[in-house]
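Here's the letter readout for the chains.
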Amino acid sequence: MAVIVLALDGFDVDLLKLDEFGNTRDIYKEYHSSLLESTLPYLTPSAFVSMQTGKSVGKHGVSGFLKFDGKEAKPYTGSDIKDVTFYEILHAKGKRCFLFSMPYSYPPRIPGDIVFDWLSVGAANIHECVYPSTLLEVYPELVDYELFPDKANGVYEFMLTSKRMNENAIQVIKHAIASKRYDFYFFLIRHTDWIQHTLLKQIIDGEKRKEVNIAKEVFAKVDELIRYVVSNMHGNDSLLILSDHGFKVYNERFYINDWLKEQGYLVTSEKVTYSLEKTRYPFLWDEFSSNIKTAKAPALLSKLARENKTLASIASRLKPKIEDMLNTKFVVGQPIDIEKSQAFSVEDSTGAIYVNRNLSENERESIKKEIIAKIANIKEINVYDSAAIYGKNTPYSVADIYLESSRYWIRRGLEGTIFSNMYIAHHRRQGVLTLVGEAFSNAAKNARIMDIAPTILHIMDCPIPNDMEGRVLIEALSDRYAKRQIMYSDNRIRNVDEQKQDAGLSESEQEIIEERLRRLGYI
């Protein structure tokens, strides 16, 4: 018996309306399918860490792409995940695992076989992207494996590179399945997310641009892969097809920090010297760029660009050319004075608000209640007190307030306007879950992504740590598995190499990952 997880990054149920996903649509209808609730915030790091650990954001603390320590924000790494993952338990129980593009799988927690993902390592050398390195001999297709289209310039080239990368990933996945070497397989297809970020509106609108045609070709290849995986299952295999969040086109935006400033909670500065701005303006900290001048873009120009998609597109193309010509870097926006501010948002896509941690507990609680009450009066924005969701004893990196909206894409902001009418394709909270194979007889009900880990452990007859918050999706299981006693354990599995696990990434590797996040619009 093998268990397979085929994860489609950002796959939304509405994609099933596309002709390119005909096989996937048929499988969704034929087997046991439902929506899958993501985390809050509904971002890839938070969701996949919850999937791996069976815990909420309030427990594992990965609250987006950037870890905020009160002063500066840096990308999370695999070393930030302190909880045991379900695949460590599988390995400890003698199950052989294959992990392809599992987020934050580096440093490795098991002896293999692992192909790292673009969030885990910044390395370009293929020998540093797999573990163990002998995996290149087993899967020669990996010689052409790429983590991210780092060198692609423009949307068309980005799509061409994504197409090539996707085809290579499919070759590896098919080879791994055909090998029958493993008890557990995890595969993540990343391009479903990247393409939607870039071209979802154009695809929905039926535009005939060459980059849209390439994007549809990639979708069709993913669709063929899904049919292949289902068709090549053996009698007692089980398959979970899932996505970490959904996607939609937002036609309006809400800028948190602009609102906070208007309400008197946030203070800006004319000096761009605060470490909070480092991920937005890394050149300000580059010791080799001391000869480059910096200039703040006029607020009016910034505001006009933000409220007009055409102007924004023109500005994004002209900005680097003008900077090179003038030997000047333009700082777009108003830097935050985090010492004087009472509250602020750090990361662009989390919808999160931090109340200044230097204030007294009573001050922080009072300010938080005020902000929640005021935002609750804004139509079609839901506001959540993280303490009410996750409890009070959350990791430092978890924000105090989270926002969610089906109308607005909620951004970090602070460039001169609270609302704008610029469209953008971005995440929504509901992903999808399709259950195929011997272990399943019904669709899951009210399934959350943190329920995946305990469900897999139960199906594979392994103990579930007592501190996992997710539940076994009993209602979806066939009698053989539903009637089996659920085993729990207090034991924590030690990582394979604790010293290596704590090593994390070098500063240069973190900078590479930051640049990837910037290219996708996350920071």
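Everything discussed here concerns the structure shown above.
This is a predicted model, so every value here is computed, not measured.

K.L.:
Honestly, the sheet that holds strand β16 (residues 382-385) in this entry has me stumped. Any pointers?
P.N.:
Two orientations exist for strands paired in a sheet by backbone hydrogen bonds: parallel and antiparallel. Spatial ordering of the open sheet is given by β14-β15-β17-β16, a layout of four strands whose pairing is antiparallel. Two strands in the sheet have a free side with no partner beyond their single neighbour: β14 (343-344) and β16. Bridge count for β16 against strand β17 (residues 401-404) is four bridges, and the pairing is antiparallel. Bridged to valine 383 within β17 is leucine 403. In this fold helix α12 (residues 361-375) packs onto β14, β15 (352-355), β16 and β17, with an angle of close to 150° to the strand it touches most, β15.

K.L.:
Honestly, the sheet that holds strand β19 (residues 419-420) in this entry has me stumped. Any pointers?
P.N.:
The strand order across the open sheet formed by three strands is β18-β11-β19, and the pairing between neighbours is mixed. The open sheet is flanked by β18 (408-411) and β19, the only strands paired with a single partner. In this sheet, β18 lies alongside strand β11 (residues 252-255) in parallel orientation, the contact comprising four bridges. Bridge pairing in β18 places tyrosine 255 opposite arginine 411.

K.L.:
Would you mind showing me how to read the packing of aromatic side chains here?
P.N.:
Aromatic rings considered in pairs are described by the distance between their centres and by the relative angle of their planes. Tallying each qualifying case throughout the model produces 22 aromatic pairs. Ring geometry for phenylalanine 98 and phenylalanine 187: centres 6.0 Å apart, planes at 55°, overall tilted. With phenylalanine 98 in strand β5 (residues 97-100) and phenylalanine 187 in strand β8 (residues 184-189), this residue pair connects regions lying 89 residues apart in the sequence. Note on phenylalanine 98: relative accessible area 0%, which makes it buried. Aromatic pair phenylalanine 254 and phenylalanine 419: ring centres 5.3 Å apart, planes at 50°, arrangement tilted. Of this pair, phenylalanine 254 sits in strand β11 while phenylalanine 419 sits in strand β19, placing them 165 residues apart in sequence. The class for phenylalanine 419 is partly exposed, based on a relative accessible area of 36%. Here the aromatic cluster, defined as three or more aromatic residues joined through ring pairs, consists of Phe98, Tyr139, Tyr182, Tyr185 and Phe187. In this structure, lysine 248 packs its charged tip against the face of tyrosine 250, placed 5.0 Å from the ring centre.

K.L.:
Help me understand the environment of isoleucine 474, please; the structure alone is not making it clear to me.
P.N.:
Within the secondary structure, isoleucine 474 is located in the loop between β22 (464-465) and α15 (479-482). For isoleucine 474, a relative accessible area of 30% puts it in the partly exposed group. Between the C-alpha atom of isoleucine 474 and that of alanine 444, which follows or precedes it by 30 residues, the distance is 8.2 Å. Look past the residues within four positions of isoleucine 474 in its chain and what remains in contact with it is His458, Ala482 and Ile486.

K.L.:
So what exactly am I meant to see when it comes to unusual backbone geometry here?
P.N.:
A negative phi angle is the norm for most residues apart from glycine, just as the trans form is the norm for most peptide bonds. Look at the link from leucine 40 to proline 41: it is a cis peptide, with omega at 10°. Within the secondary structure layout, proline 41 lies in the loop between β2 (32-37) and α2 (44-53). In this structure, proline 107 follows tyrosine 106 across a cis peptide bond, with omega equal to 0°. Tracing the chain through its elements places proline 107 in the loop between β5 and β6 (114-115). Positive phi outside glycine occurs at glutamate 380, with the angle close to 70°. Of note, glutamate 380 is situated in the loop between α12 and β16. Phi at aspartate 461 is positive, roughly 60°, even though this residue is not glycine. On the secondary structure map, aspartate 461 appears in the loop between α14 (452-459) and β22. Overall, aspartate 461 belongs to the partly exposed group, its relative accessible area being 45%.

K.L.:
Just checking my understanding: could you explain the environment of leucine 403 for this structure?
P.N.:
Looking at where leucine 403 falls in the secondary structure, it is placed in strand β17. The class of leucine 403 is buried, set by a relative accessible area of 2%. Leucine 403 sits 28 residues away from isoleucine 375 along the chain, and the two C-alpha atoms are 8.8 Å apart. Residues in contact with leucine 403, not counting those within four places in the same chain, are Phe254, Ile256, Gly351, Ile353, Ile375, Ile381, Asn382, Val383 and Ile410.

K.L.:
Sorry, what's going on with the side chain of asparagine 166 here?
P.N.:
Summarising the element assignment, asparagine 166 is placed in helix α6 (residues 154-179). For asparagine 166, the residues in contact, after removing those within four places along its chain, are Ile189, His191, Val218, Lys221 and Val222.

K.L.:
Explain the pattern of salt bridges here, please?
P.N.:
Working definition: two side chains of opposite charge can pair if their charged atoms are close together. All told, the structure shown has 25 salt bridges when counted by the stated rule. Lysine 55 is the partner of aspartate 83 in a salt bridge, and the nearest nitrogen-oxygen pair spans 2.6 Å. Here lysine 55 lies in the loop between α2 and α3 (57-60) and aspartate 83 lies in the loop between β4 (73-75) and α4 (86-92), a separation of 28 residues in the sequence. Across the pair aspartate 400 and arginine 357 runs a salt bridge, and its minimum N-O distance is 3.5 Å. With aspartate 400 in the loop between α13 (386-390) and β17 and arginine 357 in the loop between β15 and α12, the pair connects residues that are 43 residues apart, well separated along the chain. We classify aspartate 400 as buried; its relative accessible area is 10%. Here the residues in one salt-bridge network are Asp12, Asp14, Lys17 and Arg428, joined through shared partners.

K.L.:
Where do I start with the packing of α6 against helix α8 (residues 210-231) in this structure?
P.N.:
For any two helices packed against each other, the geometry is given by the interaxial angle and the distance between the axes. Axis separation between α6 and α8 bottoms out at 9 Å; the angle between their running directions is 10°. In terms of axis orientation, α6 runs roughly parallel to α8. Facing Val155, Tyr156, Met159, Leu160, Lys163, Asn166, Glu167, Ile170, Ile173, Lys174, Ile177 and Ala178 of α6, the residues of α8 in contact are Lys210, Glu211, Ile214, Ala215, Glu217, Val218, Lys221, Val222, Leu225, Tyr228 and Val229. For the contact of α6 with α8, a count of residues per class yields 15 nonpolar, one polar and seven charged.

The rules behind the values
Residues numbered from 1 in each chain as written. Predicted model: local features only at pLDDT ≥ 70, side-chain atom pairs only at ≥ 80, totals over all residues. Heavy atoms only, no water. Pairing = 2+ DSSP bridges. Helix = DSSP H or I, 4+ residues; strand = E, 2+ residues; numbered from the N terminus. Contact = heavy atoms within 4.5 Å. Axes fitted to C-alpha atoms, helices over the stretch in contact; angles between N-to-C directions. Phe/Tyr/Trp six-rings, centres within 6.5 Å; stacked < 30°, edge-to-face > 60°. Buried < 20%, exposed > 50% of the residue type's maximum accessible area, 1.4 Å probe, protein only. Lys NZ or Arg CZ within 6 Å of the ring centre and 35° of its normal. Salt bridge = Lys/Arg side-chain N within 4 Å of Asp/Glu carboxyl O. Parallel < 35°, antiparallel > 145°, perpendicular 65-115°, else oblique. Nonpolar A, V, L, I, M, F, W, Y, C, P; charged D, E, K, R; others polar.

Distances and angles like these do not, on their own, reveal function.
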